[in-house]
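# Reading the structure
If you want the building blocks of each chain, they are given just below.
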Amino acid sequence: MRNVWRVLKRDVKRLVRVPLALVIIGGALITPSLYAWFNITAFWNPFDNTKDLSIAVVNLDEGASNSLVGEINVGDQLVAKLKDNDDLGWHFLSEEAAMDSVHSGESFAAFVVPETFSADLLSITTGDFTQPKLLYYVNEKENGVAPEITDTGATTLQTQVTDAFTQQVAETVATAIREGSEVAEEDLAAAEAQVISDLQSVSAVIAQTRGTLGALEGKISDARAGLQRNEGVFGEIDVILGDAQTTLTDVNALAASAQSELLRLAGEATTGYVIGSAEVGQAASGALEAVGRVSAASSAILAAVQAQQAILGQSAVLIQGLDQQLAQTATALGSLDASLAAVEGDMSVAISDLQTLGGVALFQDLEALTNLDPEQIAAFLATPVKVDQHTIFPTPAYGSLMGALFINLSLWIGAFVLVVILRLDVDEDEIPDLTERQKYMGRWSLFACIAVLQAIVLSIGNMIIGVQHVNVFAFTITPILIGLAYLSVIYALSVTFGYVGKGLAVLLVIMQIPGASGIYPIQLMPEFFQSLYPFFPFTYGIDAMREVISGFAGLAYWKYLGMLAIFVALSFFLGLVMRRHFANVTRLFTTQVRDTELFTSEDGAPTGRGYRVNHVLRALADRARYNERLQKRARPFARSYRSILKGIVAAGVLGMLVLAALSILVPSAKIEFVGLWILWLILVFIALVALEYIRYSLRLSVEVGDMPEDRLREELMELESKR
């Protein structure tokens, strides 16, 4: 640790001794911050200036009318509303002027209200509905964001039209309801009086009917009593007729006996007494005639009596049937009277209810309807729901919301600037026997000090321009921690892989801008970026700054810093432990790049030639066998090197062409094919590096085999000291 501090102190002294070097460092402190400051200021409230976006409006609506809503011209209503709307720069032009304005770029979009717009809206009330349409023309060439804003304007117009039409219809309907309710209230009062009068008349009729029914029931009772008396008389008559019938039967029998006796007497007289027989015969003949008349009379009377008895029997049956009918009628009249009594009671209740109806809810509701305000109802139906917004973690300025992204970009750029303008390799001047790890940590410490100053300058500037923050200390310390994390990643890549590492740092920042949800939510990005989202340090740096800017949510802030700490740990593992395993790859790149004489001549790799300890030991132990085994490997590789190189290049080109063709044939998966295209390039690059690395390693092995023994011993001692 002492040597690390000595390296840092020496480097700081070197910077202080050269004033121009301090000027460069000062530029490195401020320049990355300028990126954040300018962008945050530019994005501070861009949507407050949308009124300067020119939008042409053409109103050709001729209006319409029908019996439901009367006269209506939605186009005029729309124009009136837009004149009071400052969200966009509305300009009311003729159709020809509007189209010229859009084509020339003077206006970003144009809206045209057709002639039949109102008529089409009213067609919904006729059953022959025609969908009303607004014509929307947008110039997407002028700006990428402006069409999205003008699309919002189209939605605004659609809402305004809907509100205007709804308000017109609602006002008409409310007026009709109010007028109708007034008539209904009057009609209901008149109907109530008429119904009460009718019910009272019916009640009187029912009372009169019940009195009539009572009298009728009395008469039926009297009739039944008379019938019962007549039935008794008919019984007595029947008895008398029966006695008369018996008497007449006896008379007929006596007459017949008298006739027989007279005939006998006349015969005897005629036979026994000659003298006077004529007189006796005459007398007997007269007597017989008289008896015959009596017999005939009695027979006739008997027949008449029998006929009267039959009539009396039928009359008795009729009287009994009539009595039963009268009894049933009396029962029915009693039931009817009871029903009429119940109806009469219900009539009384109904009359009482109707008389108190004026004070109940129905009349109150009708009274409320008559007090309706059509304009108030129309405004309500046009906007029936008011959203009561409650903002959590309010951040009014759009620039503050974008600040999280630009602060992280500035910190990444600042760290990258340091590895570009300052040397990565550390010399041993004044500090001999430095190990590779001490060199790594010593130079990282210098970069870390500058990165801390960059973060402090950035935070102070952000507070000056007004970026929102919930805590000054957190707003200052968080960029410092994020900057150190980004520095660790970029420094480890640059030191371990040299030029390739710096290229990876550039590639990372390119991919992190869309892939770390800095601008849009990650859910809106293609799946390719969503899958990479958790593996970007920007993801957690941006989220940590959002916590500091807008407000802390539980332990989320510490979670994000913890994830950044994991990236720091992985970076140090790469730079301190894994670096020596990639040392020869880095030497290979730096050597070949240096040969172009166009790039800076910084090694960026551990010191030494790159010989391996095991190769040196084998050469010292048995040089002949070592060289023999080496030649068996080197000769076949040398013969096939160019063929392998051409094959890798050809496969790389062919793969890129195939993936490009597939992305054209399947446009829905173009993002996935772009990802595969990048992955394929990386694989081809790795294959080329591996090929060159094998070639470079064989060359180093050959150099080891050609070294004198004393040189081999020196190299072995040097390698052992660096381990």
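Everything that follows concerns the structure shown earlier in this document.
Rules behind the numbers
- Residues numbered from 1 in each chain as written.
- Predicted model: local features only at pLDDT ≥ 70, side-chain atom pairs only at ≥ 80, totals over all residues.
- Heavy atoms only, no water.
- Axes fitted to C-alpha atoms, helices over the stretch in contact; angles between N-to-C directions.
- Helix = DSSP H or I, 4+ residues; strand = E, 2+ residues; numbered from the N terminus.
- Parallel < 35°, antiparallel > 145°, perpendicular 65-115°, else oblique.
- Left-handed = near helix turned anticlockwise from the far one by under 90°.
- Contact = heavy atoms within 4.5 Å.
- Nonpolar A, V, L, I, M, F, W, Y, C, P; charged D, E, K, R; others polar.
- Phe/Tyr/Trp six-rings, centres within 6.5 Å; stacked < 30°, edge-to-face > 60°.
- Buried < 20%, exposed > 50% of the residue type's maximum accessible area, 1.4 Å probe, protein only.
- Lys NZ or Arg CZ within 6 Å of the ring centre and 35° of its normal.
- Patch = residues over 30% accessible without salt bridge, like charges linked within 9 Å, V, L, I, M, F, W, Y side chains within 5 Å.
- Areas by Shrake-Rupley, 256 points an atom, 1.4 Å probe, with all protein chains shown as cover.
- Salt bridge = Lys/Arg side-chain N within 4 Å of Asp/Glu carboxyl O.
- Lys, Arg positive; Asp, Glu negative; His and termini not counted.
- Charge placed at Lys NZ, Arg CZ, Asp CG, Glu CD.

Across the interface, helix α1 (residues 2-17) lies against helix α11 (residues 436-465) with an axial gap of 8 Å and an inter-helix angle of 50 degrees. Relative to α11, α1 is oriented oblique. Between α1 and α11 the crossing geometry is right-handed. Side by side, α1 and α11 meet where Asn3, Val4, Val7, Leu8, Arg10, Asp11, Val12 and Leu15 of the first sit next to Gln438, Met441, Gly442, Arg443, Ser445, Leu446 and Cys449 of the second. Looking at the contact of α1 with α11 residue by residue, the classes come out as eight nonpolar, four polar and three charged.

Turning to the packing of aromatic side chains, a few remarks are in order. Describing an aromatic ring pair means giving the distance of the ring centres and the angle of the ring planes. Scanning all chains against the criterion turns up 15 aromatic pairs. Geometrically, the ring pair formed by Phe447 and Tyr491 is edge-to-face, given 5.4 Å between the ring centres and 90 degrees between the ring planes. With Phe447 in helix α11 and Tyr491 in helix α12 (residues 472-497), this pair connects stretches of sequence that are 44 residues apart. By relative accessible area, which is 0% here, Tyr491 ends up buried. An aromatic cluster is present here, built from Tyr440, Trp444, Phe447, Tyr491 and Phe572 joined pairwise through their rings. Over the ring of Phe92 we find Lys83; its NZ or CZ atom is 5.7 Å from the centre of that ring.

Judged by side-chain charge, Glu62, Glu95, Glu96, Asp100 and Glu115 come together as a negatively charged surface patch. Mapped onto the elements of the fold, Glu115 is located in the loop between β5 (109-113) and α5 (117-122).

Before going further, it helps to spend a moment on the pattern of salt bridges. A full pass over the atoms with the stated rule returns six salt bridges. The partner of Arg10 in a salt bridge is Asp11, with the nearest N and O atoms 3.5 Å apart. Neither Arg10 nor Asp11 differs from the other in exposure class; each is buried. Notably, a salt bridge pairs Asp427 with Arg10, separated by 3.2 Å at the nearest N-O pair. With Asp427 in the loop between α10 (398-421) and α11 and Arg10 in helix α1, this pair connects stretches of sequence that are 417 residues apart. On the basis of relative accessibility, which here comes to 4%, the residue Arg10 falls in the buried class. Here the salt bridges share partners, and the residues they tie into one network are Arg10, Asp11, Arg14, Asp427 and Arg443.

Right, let's get into the environment of Phe38. Mapping Phe38 onto the fold places it in helix α2 (residues 19-42). For Phe38, a relative accessible area of 59% translates into the label exposed. In sequence terms Phe38 and Phe406 are 368 residues apart; their C-alpha atoms lie 9.5 Å from each other.

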